[in-house]
Amino acid sequence: MTISPETYRRFIDSLLSGDRAAAREITIELLQAEISVRDLYLDLFQRSMYEVGSLWEQNRISVAVEHMATSIVESLLPLVYPKIFGAEHTGKRAVISCVANEFHQIGGKMVADIFELNGWDGYFTGANTPLPDLKAMIADKKPDLLGLSVSNAATIAKLHAIVEDIRSEFPALHVLLGGQAFLWGGTEIIERYEGLIYLPSITELESFLAEYGAHEAEAGIG
Ligand code: B12
């Protein structure tokens, strides 16, 4: 479903002016019109957050306005829960995490929601998760996949050590990487370790999960 330029404009204006009721109303209208979770997340929430980011970068809005817009978008994500948690469960599990010192959590939250939508249990640890605690969560939940969300380019330098540490304890665990940090480089890490996959957005994640399911069905697993 395409979001009209007028609707998008109304939405971004509501974020920048702090009109929570209007932002919520627009989201509900789109859900009632049967927009897919992917389209809502990418074409409304992600697009508007990227615009907020560039307005902030150009000093056209204050940090306070950026924080306000971010908090409104975060508060709207649960509106899709009735759609997400209705899926039949496959028994597959994913742990999604933002590593230590990574405070951007909306992308990771969306990723966890897409897992749920596809019948997985998506455990989301949130922003700034210390590595020992992340490893304890992996030991507890025994996920089929781990997703790491990295937005801050400065985190990329620490990613090798993080992946190595996780791999030494969980050698067979496949790791998905995503987030805007990779726009500035760093994807070469996937060449260094087996079972490491970079996916730029939830569109590629949906295709990946469809293929994963098909592969397992073919192999008679699951
Ligand atoms: C909101 C925001 C913040 C908030 C975050 C609060 C929160 N609750 O999440 C706060 C205020 C904490 C923040 C802080 C900072 N921020 Co900031 N922030 C943003 C902003 C405006 C929006 C982020 C967002 O929610 N995007 C929307 C989501 C949906 O998009 P996404 O994260 O890309 O996720 C999608 C994909 O990448 C992918 N994906 C993401 N993770 C994963 C994981 C897996 C496994 C997979 C498969 C896919 C996947 O799927 C998602 C859906 O498609 C961006 C602007 C932008 N362009 O995004 C800047 C931005 C990310 N921030 C930036 C910066 C510089 C900072 C600070 C360094 C600023 C400062 N000087 O303090 C700090 C760093 C803090 C830290 N240590 O992490 C820069 C990063 C630049 C860079 N080279 O690193 C950006 C790009 C702004 C800019 N244009 O300069 N920020």
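These figures come from a predicted structure and were not determined experimentally.

### Remarks on the nonpolar core
Among the nonpolar cores identified, the biggest contains 42 residues, and L15, L40, A94, I96, V111 and I114 are the most heavily contacted of them. Counting residues per element, this core draws most heavily on helix 6 (residues 106-117), which supplies six residues. Here this core spans two domains, since at least three of its residues come from each of domain 1 (5-80) and domain 2 (85-219). Setting aside residues up to four positions removed in sequence, A94 forms contacts with F115, W120, G122, Y123, P143, D144, L145 and G147.

### Digging into the domain arrangement of the protein chain
Per the domain assignment, the segments of the protein chain are domain 1 (5-80) and domain 2 (85-219). For domain 1 versus domain 2, the separation of C-alpha centres amounts to 25 Å. Each partner contributes to the interface: domain 1 provides nine residues, whereas domain 2 provides nine residues. Contributing elements (two or more residues each) for the side of domain 1 that touches domain 2: helix 3 (37-57) and helix 4 (63-76). It is helix 3 that provides the largest number of residues to the side of domain 1 that touches domain 2, a total of five residues.

### Describing the site of the ligand
G53, G107, G147, S149 and G178 are the nearest of the 40 residues found near the ligand. Among the elements of the structure, helix 3, helix 4, helix 6, strand 3 (145-149), strand 4 (174-178) and helix 10 (202-219) are those that each provide at least two residues to the shell around the ligand. Take the shell around the ligand: its biggest share by element is nine residues, from helix 3. Both of domain 1 (5-80) and domain 2 (85-219) provide at least three residues apiece to the shell around the ligand.

### Thoughts on the sheet that holds strand 1 (residues 93-98)
Strand order in the open sheet formed by five strands is 2-1-3-4-5, with parallel pairing between adjacent strands. In this open sheet, the two strands that pair with only one neighbour each are strand 2 (121-124) and strand 5 (196-198). Strand-to-strand twist in this sheet, taken as the mean axis angle between neighbours without regard to direction, amounts to 20 degrees. In this sheet, strand 3 lies alongside strand 1 in parallel orientation, the contact comprising five bridges. By the bridge assignment, A94 is partnered in strand 3 with L145.

### Notes on the pairing of strand 4
Regular strands place their side chains on alternate faces of the sheet. Here strand 4 lies mainly inside the structure; four of its five residues are buried. In terms of handedness, the path from strand 3 via helix 8 (residues 153-169) over to strand 4 forms a crossover that is right-handed. Here strand 4 pairs with strand 5 via three bridges, running parallel. Within strand 5, the residue paired with L176 across the bridge is I197.

The rules behind each value
Residues numbered from 1 in each chain as written. Predicted model: local features only at pLDDT ≥ 70, side-chain atom pairs only at ≥ 80, totals over all residues. Core = buried A, V, L, I, M, F, W, Y, C linked by C-beta atoms within 7 Å. Buried ≥ 20, exposed ≤ 12 C-beta atoms within 10 Å, placed from the backbone. Helix = DSSP H or I, 4+ residues; strand = E, 2+ residues; numbered from the N terminus. Domains from an automatic or database assignment. Contact = placed C-beta atoms within 7 Å. Near = placed C-beta within 6 Å. Pairing = 2+ DSSP bridges. Axes fitted to C-alpha atoms, helices over the stretch in contact; angles between N-to-C directions. Right-handed = clockwise from strand over helix to strand, strands pointing away.

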